[in-house]
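# Inside the fold
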Amino acid sequence: MNKTIEFAKKELAKYLSALNVTADISLGLFDEYNIKTELRDPVKDDAIVISVKDKKGYIAGSNARSVLIGVYRLLEEWGMGWVRPGCDNYPDSCDAHDVEINEPAYMRYRGIMIEGACSFKNVLDMIDYIPKVGLNTFLLQFEYGHGFFRNWYNHKGNDYMEPEAVNDDDIVLNVNGIIAELKKRGIFLHRYGHGWTCRAYGVSDKEDWSKRDESELPENYRNALAMLNGERKLFKKSPVLSQLCYSKPEVRKTVVDELIRQVKKDPDCDVIEFWMADGYANSCECEECRKGHYTDHYLDVVNDACEELRKVAPEKRLVFNSYNDNLYPPEYTRIKYPEMTIQEFAPITREYHDPLPPKYNDTTLPEYKTNVPELPLTADRNLAYLYHWKQIYKGDTFFVDYQLMWEYMLDAGGECMAKLLHNDISSYGPLGINGLIMCQVQRIGMPTSICMTTMARTLWNQNTDFDAVRRKLYADTFGKEHTERMCEYFSFLSKTFDIGIIKNNVEWDREEVLANFEKSIELMAEMKEFAKEHMNCENPCHSESWGYLIHHAEIYTLLAKGIIKRLDKNQEEYEKLRDAAIDYAFKNEEAIQPVLDSMTFKFVTNCRIIIGKEKK
């Protein structure tokens, strides 16, 4: 039997036993139940059929992964709550009612990538959570993601915790275990992304974006670097940030040879993320590279890679990204093998005060100038680039976005960003986008998982009702009797910490904003006492959630008080209170570790609170 379906059977049995339910439910693929499907590709596209009456029936899927998703869906229908990574909520009693569901997933690509500071357990908890909420993809950046794990085990930025021993062998061993858990669940594994341009020359990507001593690097690598201001040198002293001279055939061959080496030794990788260097305004300025856009030369590498890939692993798919400098479509190069490639559109400079519209409005592009990009900020301006890509590339496109990497931490209630995600994803279909891989921290759930839950539910069903999602989540997280109170609480916090106001992207009224922050401070004080009264309840998920909420109120009360000082033009007091919020997060990191990435929280609060422009 397929190992994923075998795992799905064990999961169903495990949860039914815990729920004290006896049921006769078979599992299998559509063909086994003579279920017809109109899916474009049943291996890649998920769909479920659940037919259960009197606790008897079947769960069928378009593929083995879908069967597992179907198991979790039935369990949810019967009362289970997938509250956050690492935490399930069991109902007081199981409502094993009849269930008839026949649903295809709205989007093909539904996943996340690794970012931030995370332990091996954090990632394993995330992998366990992914199919429970209907996601199907995980992207492991770099070869083994060394930097993300070192960030946690070295406790980067946290003076209250001693660094823990973790070496390269530990990371490789544990990542191989993580990959095994992904494959057990049938989750698509995307790998690599950054790092090709340095690994190809024997320069490790284990230090991620860190600076390196250029004199210690191989001469052939230094000679292959992009020419900037007349010199071939590292960009910002970082190999991962440094482009190469892609107009040179020997450079392209060296990079492609590295890709083929990796493919041959990595049978578990389903999709190869084939990005060049990170950053922007760092493409080669030599005479040959100036012929065409940077993207032209990048796509030459992609085409060369496809030529070789089809010889050794034609079933593999290669992702090229449209990101920073290569948001611009190519001038003359075209993808030769659209059936082997997937476009990843990654608008990293986008601000998040407005959602994506369901159509392309402004389709004009600024004139292309090498290393003088006009970085688009609004949703419309970013989509203008995708519009022009759509004219020349007819393969699959998915979004990579960043709402759950940085800005969501400024939304104290979570609902502002969750609603934006809900609106964004609902527009994907009309825009010709076929999914999302969220660039995000793994430790997510402070104060709740509303953003990730909303993202997952809407990627599965574009008609998902946001209010129904939040009510179910808050009931599972804190208890049904508290649903209304939590809806009001988180809604007001998100109104106060509105991302457009915090990032200074919309006009706002000073007196109204001050009043909302004062009121939020009162509400958080009340909620903190309320949570203390309930945190010793019998339900372990609810008890843990109330405990997190107390820490959340402490942190965001300090931020709110700081912002009030900032609005009063008292920058020194603002910084003291902001730093106190960061210090509190680090001091209590052991208690809140699964739900808040304090390292990233420090970065976000230090540089992304820009409130200051007043409404005229």
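Preceding this section is the structure that the text describes.
First, a word on what this report is: a plain description of the structure on this page. (Residues numbered from 1 in each chain as written. Predicted model: local features only at pLDDT ≥ 70, side-chain atom pairs only at ≥ 80, totals over all residues. Heavy atoms only, no water.)

### Observations regarding the sheet that holds strand 13 (residues 317-322)
Note the cut-off: For two strands to be treated as a pair, DSSP must find no fewer than two bridges joining them. Runs of E in the DSSP output that reach at least two residues are strands. Runs of H or I that reach at least four are helices, and both are numbered from the N terminus. Axis definition: a line fitted to C-alpha atoms, over the contacting stretch in the case of helices. Angles run 0 to 180 degrees between N-to-C directions. Contacts are residue-level and defined by heavy atoms, with any inter-residue pair within 4.5 Å sufficient.
Spatially, the eight strands close up into a barrel ordered 7-8-9-12-13-14-15-16, and their pairing is parallel. Recorded for the sheet is a direction-independent mean angle of 25° between the axes of neighbouring strands. Of the strand pairs in this sheet, strand 12 (residues 271-274) and strand 13 are connected by three bridges, and their pairing is parallel. From the neighbouring strand, Glu273 faces strand 13, where its bridge partner is Val319. Contacting strand 12, strand 13 and strand 14 (341-345), helix 9 (residues 294-312) crosses the sheet at an angle of about 175° to strand 13.

### Concerning the packing of helix 17 (residues 540-567) against helix 18 (residues 571-587)
Basically, it comes down to this: With respect to orientation, any angle under 35 degrees is reported as roughly parallel, any angle over 145 as roughly antiparallel, any angle of 65 to 115 as roughly perpendicular, and every other angle as oblique. Left-handed describes a crossing in which the near helix is turned anticlockwise from the far one by less than a right angle; the clockwise case is right-handed. Side-chain classes follow a simple rule in which Ala, Val, Leu, Ile, Met, Phe, Trp, Tyr, Cys and Pro form the nonpolar group, Asp, Glu, Lys and Arg form the charged group, and the remainder, Gly included, forms the polar group.
Direction vectors running N to C along helix 17 and helix 18 enclose 170°, while the axes themselves pass 7 Å from each other. One way to sum up the angle between helix 17 and helix 18 is to call them roughly antiparallel. The handedness of the crossing between helix 17 and helix 18 is left-handed. Taking contact as the criterion, the partners of His551, Glu554, Ile555, Leu558, Leu559, Lys561, Gly562, Ile563, Lys565 and Arg566 in helix 17 are, on helix 18, Gln571, Glu573, Tyr574, Leu577, Arg578, Ala580, Ala581, Tyr584 and Ala585. When its residues are assigned to classes, the contact of helix 17 with helix 18 shows 10 nonpolar, three polar and six charged.

### Overview of the layout of surface pockets
A water-sized probe rolled over the atoms picks out the places where empty space is left. Rule in force here: A 1.4 Å probe that fits into a set of points on a 1 Å grid over the protein atoms alone but cannot get out defines a cavity; an open set with protein on both sides within 12 Å along at least five of seven lines defines a pocket, and lining residues are those with an atom within 4 Å of a point. Grid points are joined across faces, edges and corners, and a volume is the space filled by probe spheres set on the points.
In this structure, the largest pocket spans a volume of roughly 1300 Å³. Along the wall of the largest pocket there are 47 residues; nearest its centre are Glu115, Trp209, Asp278, Met405 and Trp406. Only helix 4 (146-153) and helix 20 (598-607) provide two or more residues apiece to the lining of the largest pocket. Among the elements that take part in the lining of the largest pocket, helix 20 stands out by supplying five residues, more than any other. Class assignment of the residues belonging to the lining of the largest pocket gives a composition of 19 nonpolar, 13 polar and 15 charged. Forming the boundary of the second largest pocket are 24 residues, of which Val43, Lys44, Arg65, Phe188 and Asp270 lie nearest the centre. Grouping the amino acids of the lining of the second largest pocket by side-chain chemistry returns nine nonpolar, six polar and nine charged.

Read these as geometric descriptors, not functional statements.
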